[in-house]
Amino acid sequence: EALNESGTPAVPVFWLATEDHDFAEVNHTWVFGADYQPRRIGLPPEAENGHRPVGGIRIAEWPIGGLREALGGLPFADDAIGLIERAWAPGETMGSAFARFLAEAFGKYGLLVVDPMAPEFRALAAPILSRAVEQMPELTAALKQRGRELVERGYHAQVLVDDDTSLVFLLENGKRISLKRANGEYVAQTRRIPAGELAADGSKLSPNALLRPVAQDFMLPTAAYVGGPAELAYLAQSKVLYDRLLGRQPVAFPRAGFTLVDERTHKKMARYGLAPGHLFTGEQALVDVIAGRLVPAPLRARLDATRAAISSALDALNGDLRQFDVTLASALETSRRKIEYQTAKIARKTAAGIMHKDEQAHRDALAIHGLLYPEKHLQERLYSIVPLMAKFGPGLMDEVYRSVRIECPDHQFAVL
């Protein structure tokens, strides 16, 4: 939208990750219910089929029943499940189901969805993949040098590149086969393939993580590559591939990142005096913070005054001992740590005792942590969008879209 307003015609394009073969990464999702506790919804083990690109795996029956049970109690659960049922219909592939979901969820924004496994796109990508095979020794040498430069500057390489690294996989018999280089040939399991033979048909090749963005930008003229932190980190290495294979590189633009907070949770945060920084800890740490907030003000003041008085008395004693015998002062330091630990322990036990009596506060702590930092992950890094749609309703996409600030790459808390 911003590019169009500035005079550069542009459309948004979403590249499906259908050619990846890491089934374990995509065979499950995380959701939550009315209690905001994370729940894992997974496909049965028999759904896996070797090293096939995941987009082509066809599922006879999706775990919709488990999803319906997990979302129980959320106000818009029926709407969210209806959208999922329309997209993830029996017999759909993992790629086609996700594409149908995106088309319905984002259709009003003109989002174009690209499946890189479609024959037409395989043909479009073939020239750049063939060229990569022909130039592989020079490309991997440049990547190794780039990796050293990144490490010297205090960064790290996302992908380890060695002399035998191949930037492409072989697509054959429905599988995505890993390749290694050796003596000018490519080794695929027990077979050896000459580089010229492999380069002869680029439509049978699939790029690795470093080459993939280059192939995408070869197929379509790209103004900006919008990605998360991990995707953009790959571009630091991929720059040398862009230079040698394309001679150009699009702007790397950080995608908007959000933690979505409902009004009720926001009010609980205010009640317990919680700032966002308090949330990015373990569950027990958050319970302890809230417990500390529940200690009555007079008792908290007495505990603070006691700790201060003990610290002041120990400071004075330390000064006297140093004048008398420095070894005694050293012994005091050891004892001081024990004294201060026990004093702090009394304060923690006091808070825990109050929390134990306040069951609602304990439930609030678990719910806040489960919604906003589940399993010690950012909300957007663990949960599917589906439970958030079930919580906030059909207008969620519009709410998030209106909250995007392209001038600000920082993670945002959005109260909806």
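The rules we used
- Residues numbered from 1 in each chain as written.
- Predicted model: local features only at pLDDT ≥ 70, side-chain atom pairs only at ≥ 80, totals over all residues.
- Heavy atoms only, no water.
- Helix = DSSP H or I, 4+ residues; strand = E, 2+ residues; numbered from the N terminus.
- Rg over C-alpha atoms; globule rule 2.2 N^0.38 Å.
- Contact = heavy atoms within 4.5 Å.
- Areas by Shrake-Rupley, 256 points an atom, 1.4 Å probe, with all protein chains shown as cover.
- Bend = angle between axes of the 7 residues up to and from the residue.
- Buried < 20%, exposed > 50% of the residue type's maximum accessible area, 1.4 Å probe, protein only.
- Pairing = 2+ DSSP bridges.
- Axes fitted to C-alpha atoms, helices over the stretch in contact; angles between N-to-C directions.
- Parallel < 35°, antiparallel > 145°, perpendicular 65-115°, else oblique.
- Patch = residues over 30% accessible without salt bridge, like charges linked within 9 Å, V, L, I, M, F, W, Y side chains within 5 Å.
- Salt bridge = Lys/Arg side-chain N within 4 Å of Asp/Glu carboxyl O.

1. Remarks on the overall build of the protein
No. 1: Per the secondary structure count, the protein includes 19 helices and 14 strands.
No. 2: For 416 residues, the compact-globule estimate of 2.2 N^0.38 gives 22 Å, and the C-alpha radius of gyration of the protein, at 28 Å, exceeds that figure by more than 25%.
No. 3: Each principal axis of the C-alpha atoms in the protein carries an extent, and together these give about 85 × 60 × 50 Å.
No. 4: Taking as baseline every contact in the protein between residues at least 6 positions apart, the subset at least 24 positions apart corresponds to 72%.
No. 5: For the protein, the computed accessible surface area is about 22400 Å², with 55% contributed by carbon and sulfur atoms.

2. Topic: helix α10 (residues 229-246)
No. 1: The largest bend in α10 is about 55°, located at Q237.
No. 2: Among the residues of α10, L235, Q237, S238, V240, L241, Y242, L245 and L246 are the ones counted as buried.
No. 3: Buried residues belonging to α10 abut α6 (119-134), α7 (136-152), α9 (212-219), β11 (224-227) and β12 (251-254).
No. 4: Positive phi appears at G247, one or two residues downstream of α10, with a value of about 75°.

3. Examining the pairing of strand β3 (residues 38-42)
No. 1: The pairing of strand β2 (residues 28-32) with β3 spans five bridges and is classified as antiparallel. Residue pairing in the sheet places T29 in a bridge with I41 of β3.
No. 2: The loop that links β2 with its antiparallel partner β3 comprises five residues; one of these, Y36, has a positive phi angle of about 65°.

4. Considerations on the sheet that holds strand β9 (residues 191-194)
No. 1: Sheet architecture is open: three strands sit in the order β7-β8-β9, paired in antiparallel fashion. The sheet is open, and its two edges are formed by β7 (180-182) and β9, each paired on a single side. Adjacent strand axes in the sheet meet at a mean angle of 35°, parallel and antiparallel pairs treated alike.
No. 2: Relative to strand β8 (residues 185-188), β7 runs antiparallel, the two sharing three bridges. Looking across to β8, one finds that R181 is bridged to Y186.

5. Re the environment of V54
No. 1: Secondary-structure assignment places V54 in the loop between β3 and α3 (64-70).
No. 2: The buried category is assigned to V54, whose relative accessible area is 7%.
No. 3: Sequence separation of V54 and D163 is 109 residues, and the distance between their C-alpha atoms is 28 Å.
No. 4: Ignoring sequence-local partners within four residues, the contact set of V54 consists of A17, T18, D20, H21, D22, F23, V26 and M94.

6. Points about the packing of α6 against α7
To characterise two packed helices, one gives the angle between the axes of the helices and the distance between these axes.
No. 1: Put simply, α6 and α7 touch, their axes get as near as 5 Å, and they point 80° apart. For the element pair α6 / α7, the angle class is roughly perpendicular. In this structure, α6 uses A132, V133 and E134 to contact α7, whose residues at the interface are M136, P137, E138 and L139.

7. Some details on a nonpolar patch on the surface
No. 1: A contiguous nonpolar patch, built from V11, V13 and L112 and spanning about 240 Å² of accessible area, is present on the exposed surface.
No. 2: Examined against the element boundaries, L112 turns out to sit in strand β4 (residues 112-114).
No. 3: Residue classification places L112 among the partly exposed residues on the basis of a relative accessible area of 44%.

8. Focus on unusual backbone geometry
No. 1: Unusually for a residue other than glycine, N183 sits at a positive phi of about 55°.
No. 2: Relative to the assigned elements, N183 resides in the loop between β7 and β8.

9. Digging into the pattern of salt bridges
No. 1: With the rule as written, the count across this model stands at 18 salt bridges.
No. 2: A salt bridge links R39 to D35; its shortest N-O distance comes to 3.0 Å.
No. 3: Residue R39 is classed as partly exposed on the basis of its relative accessible area, which comes to 30%.
No. 4: For R405, the salt bridge goes to E407, with nearest N and O atoms at 3.4 Å.
No. 5: With relative accessibility at 41%, the residue R405 sits in the partly exposed group.
No. 6: A single salt-bridge network, built from bridges that share partners, covers E19, D20, R122 and R212.

10. Notes on the sheet that holds strand β6 (residues 175-177)
Within a sheet, each strand pairs with its neighbour through backbone hydrogen bonds, oriented either parallel or antiparallel.
No. 1: The strand order across the open sheet formed by three strands is β6-β5-β10, and the pairing between neighbours is antiparallel. Edge positions in the sheet fall to β6 and β10 (205-207), since each has one partner strand and no second. Sheet twist, expressed as the mean angle between neighbouring strand axes with direction ignored, is 35°.
No. 2: Here strand β5 (residues 168-172) runs beside β6; their pairing, made up of three bridges, is antiparallel. Its bridge partner lying in β6, L171 is registered against R176.
No. 3: The strands touched by α6 are β5 and β10; relative to β10, the strand with the most contacts, the crossing angle is about 80°.

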